Amino acid sequence: MAARTAARCCCLVLLALAWVLPVQGIERIQLSIGDIRAPGLSVQGVELQFAAGSKGPELRIAHLALGKRAWRGLHLSCPEADAAFPEIRCRGGEIRVGAKRLPLRIDFRFDPLTSAFDAALRLSSGSTVDIRYDGGSFVEAALTRFEIGELSGDLAGFAAQVSPALAAELAQHAAKGTVDARLAWQQAGDAGRHEKLQLQARLSGGSFSSPDGLQAAEGLALSLDLTARALAAGWDWQGRLAWEGGEAYLHPLYLRSGPVLQAEGRLNDDELVLRMATLELEGVDQFALTARIAREPPSLQDLTLSLAGGDLAILGPHWITPALVPALADRLRFAGHVGAGAEIRDGQLFSLDLVFDGAGVSLAGVDEGGEVRGRGLAFGPLSGHLPWSATAPTRASLQVQGGHWEALSLGAFDVDALLDGGQINLGQIRIPLLDGALVLDGLALEHGAEGWRGQGGVVVEPLSMALLTEALGWPSMSGILSASMPGMRVSTGEISLDGALVVSVFDGYLQATGLRVSEPFGVASNLRADIKARHLDLAQLTDTFSFGSISGYVDADVKGLELAGWRPVAFDLRLASSPGSYRRRISQRAVQNIGALGGGGAIAALQRGVLSVFDTFGYRELGFHCVLGNGICEMSGIAGRERPDGGFPIVRGGGIPALDVIGYNRRVDWQELVDRLQRVIENNVAPELH
């Protein structure tokens, strides 16, 4: 107090001399002011001087630090100044930092007796900064309509002086908006009063856009209310941040206004502590967290989080899908509710607890063009508890009331799993399907650097082909579908199966081996397999697909089958009559349809007349070979029966009457062939190929 009183007395004496002595007798008056320190503010080497012949008083500051930003050699000159006891006034003052002039004008009033001052900074954009100091324990600063948009001219220069990094960031993101703010500092005083800070700020009309378009916002309106109190261990604080308007896209999240954050905690040189924070969020009854965040470098050290009453229909598309599977955003849907708890310790996930109540998830199907179609895959309603801990194994138990897989309805089933670190071991899961079931047996998954990997077994308990084809809307087939594939392997985006999928149909069977599916639910789904068919009854087969009538049996081998988007793009198909003795007859319509495979002239001209005389014909054997690649089917007929004229027999006649079907077109567009045969079957007309 004695030092402050002495300084004020000195100022009073200097001002009295300035009034009493003739002006021309004063060469120079200089006043040095001690250091000024406040939270985040340090001012050193302050000198106020009057010099004969100058335009007015000048203020020099050797060093000014605001937060982590510091300036040296600040110089304030006042072209219009006057002294009216006990104050010094300046109007239209200019500020320089080194040799650079800041793009603003300043008016101020200073009372040397009390050290109180008021200052108004006017920017060329029309924004103002008003500062008031009572000379003792209170400082207040107000920012009015500060435009952060279109950083050009004077404002760009000002931002570059205050923080070049901030100016560059704002310019790069084309940031715009208007800021109004008030900051008040109350110094500690007697009677145990603590040092205190208060901040109120509001952003309106805010927008930004990153050059890559992955971050953007418009119409932003934010309000902040923060109070902090200095203690021996740092600053205790509490605040409220409200997002009142606008929308933002922060890849991969699309966010809308509405959230309100209320928090309190402690800040010191080492860390920021959230003692408690609550977030008002659409689709959530309650969301609370605590956290500890290191400051240098910024990193999350500890966190506890609790969520109650989470509506998955809202949280799913807004948060879950964009964060975990953004590629499925147009197809994935959620329902029901979830509660959650999570804990992070020393930057690592320590525990996670999820409780589901009537939850459901569905994934719509897609067609070959990627358009959403069909029912796809769905599970739910789902209820149960899924706990996980980094230090001890836990057991999850879920009850699923059913679902569907495209047109197939799935019955209710339970999921029990042992969770141990990055490993999941599932017990047997039996999913009822029609009159059978799909059984996952001993599936074990492990999460690594490349995502999830695992292995287990799959069993398809016998399903009625009659029920299956009816559910799928296919032509009715009798028989049984079953499978035993003990070597299922799962990796990110791919499922491969050892073992065989067997379908008993048309009094024979089909067996698929080497099954491998990539992106099973994606637009670019891909399936590979080898298929062997034996002793298929041609009478049942041709009658089912309205192809005409053929009696006898056929074998087929499809090697290297590849489906992209569930459509064939490659295979090597060889079809031939099964060995053995049995009745072999073919109808007139079947002859015409088979002729479509061989192209124009497939039926010898000398034999065409008999088509109008007989309804059926005998044959010795039939055979067909197609190698599909690049959309073209390279065709041939019965093995070892090539003709000198380049033709290839598809049906070799036998008995009375006998009829040969000869193919001449060895290269056929696959899609054209499929379309024409489909029209033949649907319209019951004879096909033509050119």
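Up top is the structure these notes are about.
Residues numbered from 1 in each chain as written. Predicted model: local features only at pLDDT ≥ 70, side-chain atom pairs only at ≥ 80, totals over all residues. Heavy atoms only, no water.

**Digging into the pattern of salt bridges**
- Across all of its chains, the model carries 21 salt bridges by this definition.
- Among the ionic pairs, R132 bridges to E140, the shortest N-O distance being 3.4 Å.
- When its relative accessible area of 36% is taken as the criterion, R132 is described as partly exposed.
- R430 is the salt-bridge partner of E461, the closest N and O atoms lying 2.8 Å from each other. Of this pair, E461 sits in strand 32 (residues 451-464) while R430 sits in strand 30 (residues 429-433); the two residues are 31 residues apart in sequence, bridging distant segments of the chain.
- Residue R430 is classed as partly exposed on the basis of its relative accessible area, which comes to 41%.
- Linked by salt bridges that have partners in common, R266, E271, R292 and D302 make up one network. (Salt bridge = Lys/Arg side-chain N within 4 Å of Asp/Glu carboxyl O. Buried < 20%, exposed > 50% of the residue type's maximum accessible area, 1.4 Å probe, protein only. Helix = DSSP H or I, 4+ residues; strand = E, 2+ residues; numbered from the N terminus.)

**Details of the state of the cysteines**
- Evaluated as defined, the whole model comprises two disulfides.
- One disulfide bridge connects C78 with C90, the sulfur atoms lying 1.9 Å from each other. Handedness of the C78-C90 disulfide follows from its S-S torsion of about -105°: it is left-handed. One end of the pair, C78, is in the loop between strand 5 (69-77) and strand 6 (80-84); the other, C90, is in strand 7 (residues 87-97), with twelve residues separating them in the sequence.
- For C626, the disulfide goes to C633, at an S-S distance of 2.0 Å.
- Overall, C633 belongs to the buried group, its relative accessible area being 0%.
- Cysteine pairing for the protein, with bonded cysteines counted in sequence order: 1-2, 3-4. (Disulfide = S-S within 2.5 Å.)

**Digging into the packing of aromatic side chains**
- Throughout the structure, instances matching the rule amount to four aromatic pairs.
- Judged by centre distance (5.9 Å) and plane angle (80°), the ring pair of F379 and F413 falls under edge-to-face. Of this pair, F379 sits in strand 24 (residues 372-389) while F413 sits in strand 28 (residues 413-420), and the two are 34 residues apart along the sequence.
- Their ring planes at 75° and their centres at 5.2 Å tell us that F571 and W670 sit as a pair that is edge-to-face. Of this pair, F571 sits in strand 38 (residues 567-577) while W670 is found in helix 8 (residues 670-683), placing the two residues 99 residues apart along the sequence. This pair shows no difference in class: F571 is buried, exactly as W670 is.
- The lysine or arginine in question, R345, covers the ring of F350, its NZ or CZ lying 3.6 Å from the ring centre.
- Over the face of the ring belonging to Y582 we find R584, whose NZ or CZ atom lies 4.1 Å from the ring centre. (Phe/Tyr/Trp six-rings, centres within 6.5 Å; stacked < 30°, edge-to-face > 60°. Lys NZ or Arg CZ within 6 Å of the ring centre and 35° of its normal.)

**Quick look at a nonpolar patch on the surface**
- On the surface, a nonpolar cluster with roughly 200 Å² of combined accessible area is contributed by L224, L241 and L261.
- By the secondary structure assignment, L241 is in strand 16 (residues 234-250). (Patch = residues over 30% accessible without salt bridge, like charges linked within 9 Å, V, L, I, M, F, W, Y side chains within 5 Å. Areas by Shrake-Rupley, 256 points an atom, 1.4 Å probe, with all protein chains shown as cover.)

**So, the nonpolar core**
- Judged by nonpolar contacts, the single largest core of 93 residues is most densely connected at I550, F571, I586, I594 and V651.
- Sequence-distant contacts of V651, that is, excluding residues within four places in its chain, are made with I586, I594, Y619, E621, L622, I638, L659, D660 and V661.
- Counting 22 residues, the second largest nonpolar core, distinct from the first, contains L48, L74, F108 and L121. (Core = buried A, V, L, I, M, F, W, Y, C linked by side-chain atoms within 4.5 Å. Contact = heavy atoms within 4.5 Å.)

**Regarding the pairing of strand 41 (residues 632-636)**
- Where strand 40 (residues 616-629) and strand 41 come together, five bridges link them in antiparallel fashion. Bridging from a neighbouring strand, C626 pairs with M635 of strand 41.
- Linking strand 40 back to strand 41 in an antiparallel pair, the connection comprises two residues, with N630 at a positive phi of about 55°.
- The pairing of strand 41 with strand 44 (residues 667-669) spans three bridges and is antiparallel. Among the inter-strand pairings, C633 is bridged to a residue of strand 44, identified as V668. (Pairing = 2+ DSSP bridges.)

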